[in-house]
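Letter by letter, the chains look like this.
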Amino acid sequence: MTLGSGVEHVQLLIPAAGMGQRLGAGRPKALIDLAGQPLLVWTLSRFDALGLADGAVIVGPPESRAEMEQALTAAFSEYRFTWADGGSERQISVCNGLDALRPETEIVVIHDAARPFVPESAIRGSIEAAMEFGAATVAIPSTDTILVGDDDAFLVNTPDRARLWACQTPQTFRVSVIREAHAKASEEDHLGTDDATLVQRTGGRVKLVQGSPLNFKVTTREDLALAEQVIAGGLV
Ligand code: CTP
Ligand code: MG
């Protein structure tokens, strides 16, 4: 562990069960090729550099388990991960991943398989803030003015940009905090697109930690082309 003392009970959880509909690949997005390696391998390598990939929970599509485990074994010389079956929504996938954590895990780092260029500073910052406050998410202050539109695409209002952040991952939590937030969301049939919001909506404090524009999520074909350029240009 290269994160310092007192943080041995940190475990990584990677939601990787999405089918990449907006990318249109027709297969799990985590397995698509990025400059010769599956997207998931790029992402896990960022954490491996910090000693955090060992024992990570990989939440993948059940029908792609063999293919994913094979790709990970090839890239990391042996299979050092824990598998969990994904669900129809990201929230369900994460919930299944939480059930698969080691019993001794105190801090869980949840990071999208689709964000391959997360900087070390964001990983460290997210873990440190979660240890101090119980919950943290990486995010970046919005550089764009954000418009709220109505159903017919007419401008409704323009929130003050100074308070707007674009959400990223890792989102890091004390395990008890995130388990309780997921239980409440499921009780109330609430479906969110991230985990930090589940904590906030039940009254928990979530610290915002500075991310990076390079920590973008590969969502569209354009994002994939951009990711190829990031690698070709040596930006990571
Ligand atoms: N994810 C998951 N289980 C799901 C849906 C998403 O584990 N049922 C994961 C994805 O694999 C991804 C992360 O959550 O790493 C962020 O999701 P997103 O970028 O939306 O990926 P997809 O759902 O695959 O893409 P799309 O929404 O375009 O289908
Ligand atoms: Mg999705």
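Quick caveat, the model's predicted, so the values are computed rather than measured. (Residues numbered from 1 in each chain as written. Chains lettered and ligands numbered in written order. Predicted model: local features only at pLDDT ≥ 70, side-chain atom pairs only at ≥ 80, totals over all residues. Heavy atoms only, no water.)

Caption draft 1: Just the pairing of strand E10 (residues 165-174), in detail. By the bridge criterion, 4 bridges tie strand E6 (residues 107-110) to E10 in an arrangement that is antiparallel. When the sheet's bridge partners are listed, Val109 is paired in E10 with Thr172. Direction of pairing for strand E7 (residues 135-141) relative to E10: antiparallel, over a ladder of 6 bridges. Within the sheet, the bridge partner assigned to Ile140 lies in E10 and is Ala166. (Pairing = 2+ DSSP bridges. Helix = DSSP H or I, 4+ residues; strand = E, 2+ residues; numbered from the N terminus.)

Caption draft 2: How the structure looks around the site of ligand 1. As a matter of local geometry, ligand 1 sits amid 18 residues, with Gly20, Gln21, Arg22, Ser93 and Lys217 nearest to it. The separation between an oxygen atom of ligand 1 and a polar main-chain atom of Ala17 is 2.9 Å. Contact between ligand 1 and Gly87: a nitrogen atom at 2.9 Å from a main-chain N or O atom of the residue. The cavity that encloses ligand 1 is the largest pocket. For the shell around ligand 1, a count of residues per class yields 6 nonpolar, 6 polar and 6 charged. (Near = heavy atom within 4 Å. Polar contact = N/O pair within 3.5 Å; in protein donor to acceptor, adjacent residues only side chain to side chain. 1 Å grid on protein atoms, 1.4 Å probe; cavity = no way out; pocket = protein on both sides within 12 Å on 5 of 7 lines; lining within 4 Å. Sits in = over half its atoms within 2 Å of the grid points. Nonpolar A, V, L, I, M, F, W, Y, C, P; charged D, E, K, R; others polar.)

Caption draft 3: Main features of helix H5 (residues 175-187). If you check H5, its first and last C-alpha atoms are 18 Å apart, about what 13 residues at 1.5 Å a residue would give, namely 18 Å. Packing partners of the buried residues in H5 comprise helix H3 (90-99), E6, E10 and helix H6 (196-200). Among the residues trailing H5, Asp189 stands out with phi positive, at a value near 55°. (Expected span 1.5 Å × (residues − 1). Contact = heavy atoms within 4.5 Å.)

Caption draft 4: Up close: the side chain of Ser126. With respect to the helices, strands and loops of the structure, Ser126 is situated in helix H4 (residues 120-133). At a separation of 2.7 Å, a polar atom in the side chain of Ser126 contacts the side chain of Thr172. Those residues in contact with Ser126, other than ones at most four positions away along the chain, are Ala136, Val138, Pro170, Gln171, Thr172 and Val209.

Caption draft 5: Highlighting the layout of surface pockets. Approximately 950 Å³ is the volume found for the largest pocket. Counting residues per element, the ones that place at least two in the lining of the largest pocket are H3 and E10. Residue composition of the lining of the largest pocket, by class: 13 nonpolar, 13 polar and 9 charged. In this structure, the second largest pocket spans a volume of roughly 230 Å³. Forming the boundary of the second largest pocket are 13 residues, of which Thr137, Ala196, Thr197, Val206 and Leu208 lie nearest the centre. Across the lining of the second largest pocket, the residue classes tally to 6 nonpolar, 5 polar and 2 charged. (Points joined across faces, edges and corners; volume = space filled by probe spheres on them.)

Caption draft 6: Expanded view of helix H2 (residues 65-76). When the terminal C-alpha atoms of H2 are compared, their 16 Å separation across 12 residues agrees well with the 16 Å that a helix rising 1.5 Å per residue should span. Its buried side turned inward, H2 meets strand E3 (37-38), helix H1 (39-48), strand E4 (57-60) and strand E5 (82-85). Ser77 sits one or two positions beyond H2 and adopts a positive phi of about 65°.

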